[in-house]
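Per-entry structural report
The residues making up each chain are set out below.
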Amino acid sequence: MIGTIESLSLYYLPSILEQFRQHYPHVQVKIILDQEQQLIRRVREQQLDIALILDTPCQAYGIEAISLFDAQMRVVMHPQHSLANKSSVSSRDLHQQPLIVTEEGCTYRAYLIDKMKSQGHASDIHLELGNIEAIKQSVAKEWGIAFLPQFVLEQERNNQALCIVPWAEEDPQLYSQIIYNSTKSLSSIATEWVTLCRAHSIMKV
């Protein structure tokens, strides 16, 4: 069983899963979605063989982590928004702007809210959605601004309903990582998953 979060399951795992199925067409793969902290716990308790998370470098007890790629953050808004012409957007720019955010427990949501709070900027959470495609559609309807990693936006380059602007603050140092139980040897199948993930991540750098 493989654990992961929603964003990686939608925008990172499909191509890896396709390659895996070509090599092991008869192996059953079960993908479990959960939040990062729960995935770490489930790997530690050997409920999952491996997990893919998006977080600061994992240093949890009993967990071995391999960094795959750096998740660069972007601010997403409608092209008619007043901030759309800026070369980059900071937490100050987002002061009292209507935000469309992911669910609580999401690492980049927490980073944004904490960053704005530490600098004295009010975060106006207008919508909270658990699905990234729903967040994109909400931005396209001019309901607010989103804060998302670049890898979930790679198919939106020609989407004229969205404007994607770099984040002006320091890199939050969020990395896609594959984690496994450090006290347990990986099976040959799990090892193949690690190999495929690492090979695929080279294209993300």
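Residues numbered from 1 in each chain as written. Predicted model: local features only at pLDDT ≥ 70, side-chain atom pairs only at ≥ 80, totals over all residues. Heavy atoms only, no water.

1. Side note on helix α5 (residues 132-140)
Quick note on the threshold: Type-normalised accessible area, obtained with a 1.4 Å probe on protein chains alone, sets the label of each residue: buried when under 20%, exposed when over 50%, and partly exposed for intermediate values. Secondary structure is summarised from DSSP: a helix means a run of H or I of at least four residues, a strand means a run of E of at least two, and numbering begins at the N terminus for each. Each direction from the helix axis to a C-beta atom contributes to the arc, which is the arc of those directions. Contact criterion: two residues are considered in contact whenever any of their non-hydrogen atoms come within 4.5 Å of each other.
Taken residue by residue, α5 has Ile132, Ile135, Lys136, Ser138 and Val139 as its buried positions. For α5, the buried positions fall inside an angular range of 160° around the axis, keeping them on one side. Taken together, the buried residues of α5 touch α1 (6-11), β5 (73-77), β6 (98-101), α4 (107-118), β7 (124-128) and β8 (145-149). One or two steps after α5, the chain reaches glutamate 142, where phi turns positive at roughly 65°.

2. Quick look at the sheet that holds strand β1 (residues 2-4)
Working definition: the strands of a sheet are paired by backbone hydrogen bonds and lie parallel or antiparallel to each other. How we decide: Think of it this way: DSSP has to see at least two bridges between two strands before they count as a pair. Angles here are taken between N-to-C directions and fall from 0 to 180 degrees, while the axes themselves are lines fitted to C-alpha atoms, restricted in helices to the stretch in contact.
Ordered by their spatial adjacency, five strands build an open sheet running β2-β1-β3-β10-β4, and the pairing between neighbours is mixed. The strands lining the two open edges of the sheet, one partner per strand, are β2 (31-33) and β4 (63-70). Between one strand axis and the next, the sheet turns by 25° as a mean value, whatever way the strands run. Along the sheet, helix α3 (residues 36-44) makes contact with β1, β2, β3 (50-55), β4 and β10 (175-181), crossing β3 at roughly 150°.

3. Details of empty space enclosed by the protein
We apply this condition: Put plainly, a pocket is an open set of points on a 1 Å grid over the protein atoms alone with protein on both sides within 12 Å along at least five of seven lines, a cavity is a set where a 1.4 Å probe fits but cannot get out, and a lining residue has an atom within 4 Å of a point. Grid points are joined across faces, edges and corners, and a volume is the space filled by probe spheres set on the points. The classification used treats Ala, Val, Leu, Ile, Met, Phe, Trp, Tyr, Cys and Pro as nonpolar, Asp, Glu, Lys and Arg as charged, and all other residues, Gly among them, as polar.
Here the structure, examined in full by the defined rule, presents one cavity of 30 Å³ or more. Of the volumes computed, that of the largest cavity is approximately 40 Å³. Lining the largest cavity we find Ile100, Val101, Thr102, Tyr108, Arg109, Leu112 and Phe147. For the lining of the largest cavity, the secondary-structure elements that each account for two or more residues are β6 and α4. Looking at the lining of the largest cavity, the element that brings in the most residues is α4, giving three residues. When grouped by side-chain class, the residues that make up the lining of the largest cavity number five nonpolar, one polar and one charged.

4. Observations regarding the nonpolar core
This is how it is decided: Among the buried residues, those of types Ala, Val, Leu, Ile, Met, Phe, Trp, Tyr and Cys that are joined through side-chain atoms within 4.5 Å form a nonpolar core.
Ranked by size, the top nonpolar core spans 63 residues in total, and within it Met77, Leu94, Tyr108 and Leu148 carry the most contacts. The contacts of methionine 77, once residues within four sequence positions are left out, are Leu83, Ala84, Val89, Val139, Ile145, Ala161, Leu162, Cys163 and Val165.

5. A look at the sheet that holds strand β9 (residues 163-166)
If you walk across this open sheet you meet the five strands as β7-β6-β8-β5-β9, and the pairing is mixed. For this open sheet the edge positions go to β7 and β9, each flanked by a neighbour on one side alone. Mean inter-strand twist for the sheet, computed between neighbouring axes without regard to direction, equals 35°. Alignment of β6 against β8, held across two bridges, turns out to be parallel. The partner of leucine 99 across the bridge, within β8, is isoleucine 145. Across the sheet, α5 touches β5, β6, β7 and β8, and the angle it forms with β8 is around 140°.

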